[in-house]
Amino acid sequence: MTTLSLLIPIALGLGLLGLGAFLWSLRAGQYEDLDGAAVRILREDDDTPGR
Amino acid sequence: MSCCAAPLISDKTRDTLSASRIALLEDLKANSKQLVDGRISYLLSAPAIHCGNCITSIEDQVGKLEGITDVRANLTMKRVAVTLDGDSRSLLPVVQALENLGYATQSLTAEEAGGSDPEFRLLVRSLAVSGFAAANIMLLSVPVWNGAEGATKELFHFISALIAIPCVAYGGMPFFRSAIAALRRRRVNMDVPISLGVTLATGMSMYESFIGGGHAYFDAATSLLFFLLIGRVLDHLMRARARAAASNLARLSAKGGFVVGEAGDLTYVALDAINPGMRLRVSAGERFPVDGTIVEGVSDVDRALVTGESDPQRVVEGTGVEAGTLNLTGPVDMLATRPARESFLAEVMQMMAAAEKGRSSYVRIADRMARIYSPVVHILAFTSFTGWMIWTGGDWHQSLTVAVAVLIITCPCALGLAVPVAHVVSAARLFANGILLKDGSALERLAAIEGAAFDKTGTLTTGEPAVASTDIPPGATAAIAKALALRSVHPAARAVAHAIDGVPEPRVSGLHEVPGHGVEGLVDGRRVRLGRRSWVAALMPEQAATDAQGVAFAIEGRGLWFTTLSERVRPGARDMITALRARNIPVTLLSGDGAAQVAAIARDIGISDWQAELKPGDKLAFLTAAAGQGRKMLMVGDGLNDAPALAAAHVSMAPASASDIGRTAADFVLTHESLSSITFAHRVAKATGQVVKQNFALAIIYNVLAVPLAMAGQLNPLLAALAMSSSSIIVVANSLRLHLLRPERAEAHGPEAGRKVKPQPMAKEAIA
């Protein structure tokens, strides 16, 4: 029982972390240009994603 | 890109003060966004972006310009976002830089530029939340299935409830809303049994966990929502992509015009602000913004988009012109007679709205299924309830549990996925082959067609003439003719320029266009003319006896030559007609053109059933009559005159070069020049219909197997979860088979293949 009371919050916390990360990435526009992201990785110059 | 729009844009680039350029800048400004730090961000549509190099060259070249703080090209949406460091900066250098790189730009309307629409964001967020809930509840359910007992089981149920309740409340919203809307209209759709199943499953599980016994179906409820939301998101994604692609196509209607003031000065006025009585100047290559009468100047007007007539018409003082027609050869002044909202265009819009009402009676296959499915399911649940009441002698709890279990197991998870997944896969296949699908139900309608009607100009033909034969000798003479032909935007001149190989003669001087007649110049002191026969023949009166038609070319004192033109049939037209006939689909040609021209084209591509000289209302009448007899017609057309017919047909297609309204009215937009994509679209639609039916069959088989178990009271959460997931996976896997569809050799026409068919080989024959 004690292990459970520790493990369940950890499991849920990790899940929430993933959910939060996804919602953040959605809002930050990470999915705006999926085709472009695939070719940008091949560019030679230093390219930091802009908003 | 479209065959007609592209050269127009490049012609206009020479003229920096053209109305379209000013309209573009005004539009971009209107839709720009001011950032917090005072910078201005603009969003441009650049449909030509297609590869990684495009991104690099755009970002490098535009980024070098003064005043640009940020530039980012979007390959998926084919857009460029540019940020300027202040209000005073003009966007003009950016537009020019992009055009020099080969990317013609257009503005986006406010709602298109708004980026991701709120409905889609809500769906994706719901999907994320229900995915989180489904995964975690499943995690907690596994120990329960494995025999966790007592306090552990209660704790797990309790935590599951805590996760499931907000998730169902939030993630279920799209379904609840749709179900309520349907019930209000006294109809049932698939969302009614879905909403009922999900809420009842959650409610009953809460009750069971509270009293501390029995089964909890939280996992079933949340994973059901998760699967269904996947279907919804895919469906939305498909439509959004087609909409974005359609809005990226060149707009053909004018957005404003130059008003001539008292002192002869020109001011740019937006379309809505043009009033009757205003005098407008329309230069060569522009479209008339409103209906009006010519008051000064002579020119040729291309009215193909409006009337379907392919030959340009000569206009002089007093001739009436319609909004949307293209002024070809000379600048003219017109007097606006009607405001934009009452133009010929607006009349067509009204006709379309009326025509669309007839079509709205179409019921999607999923809704047709729901009409049968929902009552059956609800009757089954009710029967099990009463059955158990009688069997157990009035045990409410037991009977209700069984009834709810029936509703949960019949909740149409696979049915909800059956249609959207198949449609999304097909839409992706069509998209890859240059066909934009605006709405999934169009696939169902296309599969059912029993006849097809085609417009001629701009649909079966490219709307631009090509040289059929010429007696202009190659070499020096041809070089002079080319120099003259390049001066004009008249379609006939362009056809001649296209047909002549080699470089234009540079010694031609004094080149000028005589509106309504042709182009004139001087070579070695001799006059040279290209254009209307009677006008050109004046240079060589002794040779004018021949009665040849088409374009004439003459060098004073040297000779007179004739070139005949014919409409260029789109590649793949003949194959497409043959293929449709092989599938037992009769083809009719409906044209606004004269009978002789229509008969020639019809004979050329093998259509025996044709009608000529039709007005927009006649085409509409033809299609409504067909609909009245119960014949489901496909209409393919491009012009304003086709728009009401496109809206009235069972299903409709328009080439990308069509008028705005034509493209809006059509269900499919064909972006390749070749017409063979029509046959491919029809084949995909048929295959999709098959797969959807198979999906329904699979989903129903699963129900037939599972429902007796539920009615017997033998259902447990593990069984429910397994059955639901496996049926969904089978349906998705079956739909993915559609991805294997490839265009046959005859149907395969990439953009390159389409381009190769352009008349270069023909030109060589003609010259030789």
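Our structure is the block above this text.
What counts and what doesn't
- Residues numbered from 1 in each chain as written.
- Chains lettered and ligands numbered in written order.
- Predicted model: local features only at pLDDT ≥ 70, side-chain atom pairs only at ≥ 80, totals over all residues.
- Heavy atoms only, no water.
- Helix = DSSP H or I, 4+ residues; strand = E, 2+ residues; numbered from the N terminus.
- Buried < 20%, exposed > 50% of the residue type's maximum accessible area, 1.4 Å probe, protein only.
- Contact = heavy atoms within 4.5 Å.
- Areas by Shrake-Rupley, 256 points an atom, 1.4 Å probe, with all protein chains shown as cover.
- Pairing = 2+ DSSP bridges.
- Right-handed = clockwise from strand over helix to strand, strands pointing away.
- Axes fitted to C-alpha atoms, helices over the stretch in contact; angles between N-to-C directions.
- Buried area = accessible area lost by both parts, 1.4 Å probe.
- Salt bridge = Lys/Arg side-chain N within 4 Å of Asp/Glu carboxyl O.
- Polar contact = N/O pair within 3.5 Å; in protein donor to acceptor, adjacent residues only side chain to side chain.
- Nonpolar A, V, L, I, M, F, W, Y, C, P; charged D, E, K, R; others polar.
- Core = buried A, V, L, I, M, F, W, Y, C linked by side-chain atoms within 4.5 Å.

Enquirer: Can you help me understand the overall build of chain B in this one?
Expert: The secondary structure content of chain B amounts to 29 helices and 26 strands. The buried share of chain B, reckoned over its 768 residues, is 53%. Pairs at least 24 apart in sequence give 69% of the contacts found in chain B among residues at least 6 apart. Working note: accessible area of chain B is about 32,300 Å², and carbon and sulfur atoms make up 59% of it.

Enquirer: Teacher, can you tell me more about the pairing of strand β24 (residues 633–636) of chain B here?
Expert: Residues and elements named next belong to chain B. The alternating pattern of β24 places Met633 and Met635 on one face and Leu634 and Val636 on the opposite face, and all of these are buried. Of the pairings in the sheet, the one linking strand β15 (residues 451–455) to β24 comprises 4 bridges and is parallel in character. Within the sheet, the bridge partner assigned to Phe454 lies in β24 and is Val636. For β24 and strand β25 (residues 651–655), the ladder comprises 3 bridges, and the chain directions are parallel. Directly across from Val636, in β25, lies its bridge partner Met653. The handedness of the β24 to β25 crossover, carried by helix α24 (residues 643–648), is right-handed.

Enquirer: Quick question: what am I supposed to make of the sheet that holds strand β22 (residues 587–590) of chain B here?
Expert: Remark on secondary structure: sheet strands pair via backbone hydrogen bonds, oriented parallel or antiparallel. Residues and elements named next belong to chain B. Taken together, 7 strands build an open sheet; the order of strands is β14-β26-β25-β24-β15-β22-β23 and the sheet is mixed. Looking along the sheet, the strands with just one partner apiece sit at the ends: β14 (435–437) and β23 (609–611). Within the sheet, the average angular offset between the axes of one strand and its neighbour, ignoring direction, is 20°. Note: β14 against strand β26 (residues 668–670), 3 bridges, orientation antiparallel. Residue pairing across strands places Leu436 opposite Val669, the latter belonging to β26. Along the sheet, helix α26 (residues 677–711) contacts β14, β15, β24, β25 and β26; its crossing angle with β14, the most-contacted strand, is approximately 40°.

Enquirer: How do you make sense of the interface of chain B and chain A when you look at a structure like this?
Expert: Interfaces are often sized by the accessible area lost when the parts come together. Counting from both sides, the interface comprises 28 residues of chain B and, opposite them, 24 residues of chain A. Between chain B and chain A, the buried area comes to about 2,100 Å², and carbon and sulfur atoms account for 63% of it. The tally of links between chain B and chain A comes to 1 salt bridge. Of the charged contacts in the structure, one is a salt bridge between Glu59 of chain B and Arg40 of chain A, with a shortest N-O distance of 2.9 Å. In this assembly, chain B and chain A are joined by 3 residue pairs in polar contact (both at pLDDT 80 or more). Where the side of chain B that touches chain A is concerned, the elements lending two or more residues are α3 (52–64), β3 (68–74), α6 (118–145) and α7 (150–171) of chain B. Element by element, the count of residues in the side of chain B that touches chain A is highest for α6 of chain B, at 9 residues. When grouped by side-chain class, the residues that make up the side of chain B that touches chain A number 14 nonpolar, 7 polar and 7 charged.

Enquirer: Would you explain helix α19 (residues 491–499) of chain B in this entry?
Expert: Two residues of an α-helix separated by three or four positions point the same way, owing to the 3.6 residues in each turn. In terms of residue burial, α19 of chain B counts as a mostly covered element, since 7 of its 9 residues are buried. Every buried residue of α19 of chain B is listed here: Pro491, Ala492, Ala493, Ala495, Val496, Ala497 and Ala499 of chain B.

Enquirer: It is not clear to me how the sheet that holds strand β12 (residues 326–327) of chain B should be interpreted in this structure. Could you clarify?
Expert: All names here are of chain B. Pairing is antiparallel across the open sheet formed by 3 strands, whose spatial order is β10-β9-β12. Because the sheet does not close on itself, it has two edges, and the strands there are β10 (313–315) and β12. The pairing of strand β9 (residues 299–302) with β12 spans 2 bridges and is antiparallel. Each residue of the ladder has a partner; that of Asp302, found in β12, is Leu326.

Enquirer: How do you make sense of the nonpolar core when you look at a structure like this?
Expert: Soluble globular proteins: nonpolar side chains tend toward being buried together. All names here are of chain B. Counting residues in hydrophobic clusters, the biggest one holds 100 residues, and the most contacted among them are Leu446, Phe454, Leu634, Met653, Phe668 and Ile678. Examining the composition of this core, we find that 14 residues originate from one element, α26, more than from any other. Contacts of Leu634, omitting those with residues within four sequence positions, involve Leu446, Ile449, Gly451, Ala452, Ala453, Val651, Ser652, Met653 and Ile678.

Read these as geometric descriptors, not functional statements.
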